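# Examining the three-dimensional arrangement
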Amino acid sequence: MLNSFVLLFIAVIVLKVLWDITLDLINMRYSTSPNAKIPDVLKDKISEEDFEKAKRYLKDRVTLGVIMKITSLILTLVYVFFLFPFLEKVLESKGSFIVQSLLFFGIYALIDYLVELPFKVYSIFVIEQKYGFNTTTPKLFVRDQIIGIILGVIIGVPIISIMMWLLNKFTVWWWQLSILSTAFLLFFMIIQPLVIAPLFYKFSELDDEELKSKLRALLDKSGVKVPHIYKMDASKRTKKQNAYLTGIGKSRRLVLFDTILSYNHDEVLSIVGHELGHHVKKHIPKLLLIDIVFISFVLYITNVVYRFILETRIFGVSQPYTVFAYSFLFVSSLVFFLEPILNYLSRKMEYEADEYSAKLLGTPEPLISSLKRLVKENLSNPNPMPLYKVWHYNHPAPEERIKRLMEMGVIDRDG
Ligand SMILES: [Zn+2]
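Residues numbered from 1 in each chain as written. Predicted model: local features only at pLDDT ≥ 70, side-chain atom pairs only at ≥ 80, totals over all residues. Heavy atoms only, no water.

## As for the overall build of the protein
A count of helical and extended segments in the protein gives 13 helices and four strands. Taking 2.2 N^0.38 as the reference for a compact globule, 415 residues should give roughly 22 Å; the C-alpha atoms of the protein span a radius of gyration of 24 Å, in line with that estimate. C-alpha atoms of the protein, sized along the principal axes, occupy 70 × 50 × 45 Å. By residue count, 46% of the 415 residues in the protein fall in the buried class. A separation threshold of at least 6 residues defines the contact pool for the protein, and within that pool the share at least 24 residues apart is 78%. Total accessible area on the protein stands at roughly 21,100 Å², and carbon and sulfur atoms take up 66% of it. Taken together, the 48 basic and 40 acidic charged side chains of the protein have centroids lying 4 Å from each other. (Helix = DSSP H or I, 4+ residues; strand = E, 2+ residues; numbered from the N terminus. Rg over C-alpha atoms; globule rule 2.2 N^0.38 Å. Buried < 20%, exposed > 50% of the residue type's maximum accessible area, 1.4 Å probe, protein only. Contact = heavy atoms within 4.5 Å. Areas by Shrake-Rupley, 256 points an atom, 1.4 Å probe, with all protein chains shown as cover. Lys, Arg positive; Asp, Glu negative; His and termini not counted. Charge placed at Lys NZ, Arg CZ, Asp CG, Glu CD.)

## Concerning the packing of aromatic side chains
A full pass over the atoms with the stated rule returns 31 aromatic pairs. With a centroid separation of 6.2 Å and 55 degrees between ring planes, the pair formed by Phe5 and Phe9 is classed as tilted. With Phe5 and Phe9 both in helix 1 (residues 2-32) and four residues apart, the pair spans about one turn of that helix. Phe9 shares its class with Phe5; the two are buried. Consider the rings of Phe324 and Phe328, whose centres lie 5.9 Å apart with planes at 15 degrees: the pair is stacked. With a gap of four residues between them, Phe324 and Phe328 both fall in helix 9 (residues 320-334), about one helical turn apart. In this structure Phe324 comes out as buried when scored by relative accessible area, which is 7%. Assessed through its relative accessible area of 36%, Phe328 is described here as partly exposed. Here Arg61 stacks its cationic end above the ring of Tyr57, 4.1 Å away from the centre of that ring. (Phe/Tyr/Trp six-rings, centres within 6.5 Å; stacked < 30°, edge-to-face > 60°. Lys NZ or Arg CZ within 6 Å of the ring centre and 35° of its normal.)

## Points about the coordination of the zinc ion
For the zinc ion, the full set of protein donor atoms is His274 (NE2), His278 (NE2) and Glu350 (OE), and the range of their distances to it is 2.0 to 2.1 Å. Along the chain, the residues donating to the zinc ion are arranged with the sequence spacing H-x3-H-x71-E. Placement of the pair is His274 and His278 together in helix 7 (residues 265-280), with a separation of four residues, close to one helical turn. Assigned by exposure class, His274 and His278 land together as buried. (Donors = N, O, S within 2.8 Å, 3.2 Å for Na, K, Ca; no water.)

## Focus: the packing of helix 4 (residues 138-169) against helix 5 (residues 174-200)
Orientation of helix 4 relative to helix 5, taken along the N-to-C sense of each, is 165 degrees, at an axis distance of 13 Å. Compared by their axis directions, helix 4 and helix 5 come out roughly antiparallel. The handedness of the crossing between helix 4 and helix 5 comes out as right-handed. Each of Arg143, Asp144, Ile147, Gly148, Leu151, Ile155, Ile159, Ile162, Met163, Leu166 and Leu167 in helix 4 lies in contact with helix 5, whose residues at this interface are Gln176, Leu177, Leu180, Phe184, Ile196, Leu199 and Phe200. (Axes fitted to C-alpha atoms, helices over the stretch in contact; angles between N-to-C directions. Parallel < 35°, antiparallel > 145°, perpendicular 65-115°, else oblique. Left-handed = near helix turned anticlockwise from the far one by under 90°.)

## Comments concerning the layout of surface pockets
In this approach a probe as big as a water molecule rolls over the atoms, and the regions it shows empty are the leftover space. Of the pockets and cavities examined, the second largest pocket occupies roughly 1,900 Å³. The wall of the second largest pocket is formed by 48 residues, among which Phe105, Tyr108, Ala109, Asp112 and Phe328 lie closest to the centre. Listing elements by their share of the lining of the second largest pocket, those giving two or more residues are helix 1, helix 2 (48-91), helix 3 (97-130), helix 4, helix 5, helix 8 (283-312) and helix 9. The biggest single contributor to the lining of the second largest pocket is helix 4, with twelve residues. Of the residues in the lining of the second largest pocket, the class split is 34 nonpolar, nine polar and five charged. (1 Å grid on protein atoms, 1.4 Å probe; cavity = no way out; pocket = protein on both sides within 12 Å on 5 of 7 lines; lining within 4 Å. Points joined across faces, edges and corners; volume = space filled by probe spheres on them. Nonpolar A, V, L, I, M, F, W, Y, C, P; charged D, E, K, R; others polar.)

## Quick look at the UniProt feature "domain: Peptidase M48" (unreviewed entry) in the protein
The feature "domain: Peptidase M48" (unreviewed entry), as annotated in UniProt, sits at residues 206-407 in this numbering. In residues 206-407, helix accounts for 64% and strand for 7%; the two terminal C-alpha atoms are 34 Å from one another. (UniProt positions renumbered as here; feature names shortened; annotations may be inferred.)

## Some remarks on the packing of helix 8 against helix 9
Helix-helix packing is characterised by the crossing angle of the two axes and by the distance between the axes. Helix 9 packs onto helix 8 with a crossing angle of 125 degrees between their chain directions and a minimal axis gap of 8 Å. Regarding the angle of helix 8 to helix 9, the classification is oblique. Every pair of crossing elements has a handedness; the one defined by helix 8 and helix 9 is right-handed. Residues Val298, Ile301, Thr302, Val305, Tyr306, Ile309 and Leu310 of helix 8 pack against Pro320, Val323, Phe324, Tyr326, Ser327, Phe328, Phe330 and Val331 of helix 9. Looking at the contact of helix 8 with helix 9 residue by residue, the classes come out as 13 nonpolar, two polar and no charged.

## Here's the deal with helix 10 (residues 339-361)
Helix length check: helix 10 (23 residues) gives 33 Å between terminal C-alpha atoms against 33 Å at 1.5 Å per residue, within 8%. Backbone geometry just downstream of helix 10 places Gly362 in the positive-phi region, at approximately 80 degrees. (Expected span 1.5 Å × (residues − 1).)

## Some points on the pattern of salt bridges
Under the defined criterion, the tally for this structure stands at 20 salt bridges. Of the charged contacts, one joins Lys372 and Asp44 as a salt bridge, the two residues approaching to 3.1 Å between their closest N and O atoms. Here Asp44 lies in the loop between helix 1 and helix 2 and Lys372 lies in helix 11 (residues 365-378), a separation of 328 residues in the sequence. According to the relative accessible area criterion, Lys372 is buried, its value standing at 11%. You can call Asp44 exposed: its relative accessible area is 55%. The salt bridge involving Arg373 is made with Glu267; its shortest N-O contact spans 3.1 Å. Here Arg373, found in helix 11, pairs with Glu267, found in helix 7; they are 106 residues apart in sequence, far enough to count as distant. (Salt bridge = Lys/Arg side-chain N within 4 Å of Asp/Glu carboxyl O.)

## Observations regarding the UniProt feature "binding site: Zn(2+)" (unreviewed entry) in the protein
In the numbering adopted here, UniProt assigns the feature "binding site: Zn(2+)" (unreviewed entry) to His274, His278 and Glu350. Separation in sequence by 77 residues is not matched in space for these annotated residues, since their most distant C-alpha atoms are only 8.2 Å apart. Among residues more than four places away in sequence, those in contact with His278 are His283, Ile284, Met349, Glu350 and Ala353. Assignment of secondary structure puts Glu350 in helix 10. By relative accessible area, which is 6% here, Glu350 ends up buried.

Structure representation (structure tokens):
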């Protein structure tokens, strides 16, 4: 019985990674095969040369990703068989239970961080550099890392302390942790735009007055109250483009990456229209609710596994923090198989936001044109494999979004 649980535990962790890597590799083969064609709707904007470049970019990213996933699997097995029990023993005599927990998760996070760091460096300074996206200087990179670590400590220490206090006090703790997570999610939504984002980016008022007045008119038309329109210096790190709407009440803000200002006004308006669509269709509270249900479910299952590991002493560990680490590793691999459900819901919302934008602007054309530019300039994969899209895509593929918008255009013109 016990041995079969250990077997199941290892099987789930290994199968998750194998399945993940298999999907990556077959998607890469599918998208880069000589039979792969540029989708018809993208042909006017994507040249053969762009297409070949996008294929090479995909290959480079998948190769790095696969090496990283295998490394991380080996590391996980080292944790399970060696490091977790070893750390528990070493920390036994080191101060109070909370101090031990903080040291345990601190060391765990530090090892993970150090193992991931070379992959991060390679991704930014080799791959993104090679395709002309990277603008991050090594100095800025180091600064980002330091701020990231400090933030991690400031946010992590109180959360882990409260969590471990709860775990130490109760054997059934999933619903208390769910409440804690919900509070944290809400707190994070408030402080993210106000405190965290400004640590990394500069936000300034949009200086293109004509665009600003067009944006104001669009906001009025949609009825969404947005006190601030900002330009963000994304170009300090990347050439990729984006825009988003965030914050609650008076802190609500529309943020345009400065990289997107090379788009014509109608294209920018169509992208903003899409973001407004998410807002008007209440996608943000809906996603929050989905997140809360999902997190509560994960915590419930984790709690069940936790009690089993604690009672059976199956891994030879008995401290709540170590048992929690085992349970969480197992359940986080398990929920990977639920990812398609969440992505399905997300893709539905993206279609709704596209539709809203086209209706708000009275035409789908600028959004179609923006999507084509995004594929071309961000070197997105124009041909993802269907199963890969079902599993990993939280946005529909650009081809599908464009087709759906074109259908809308036809309906509008006919009727
Ligand atoms: Zn969207």
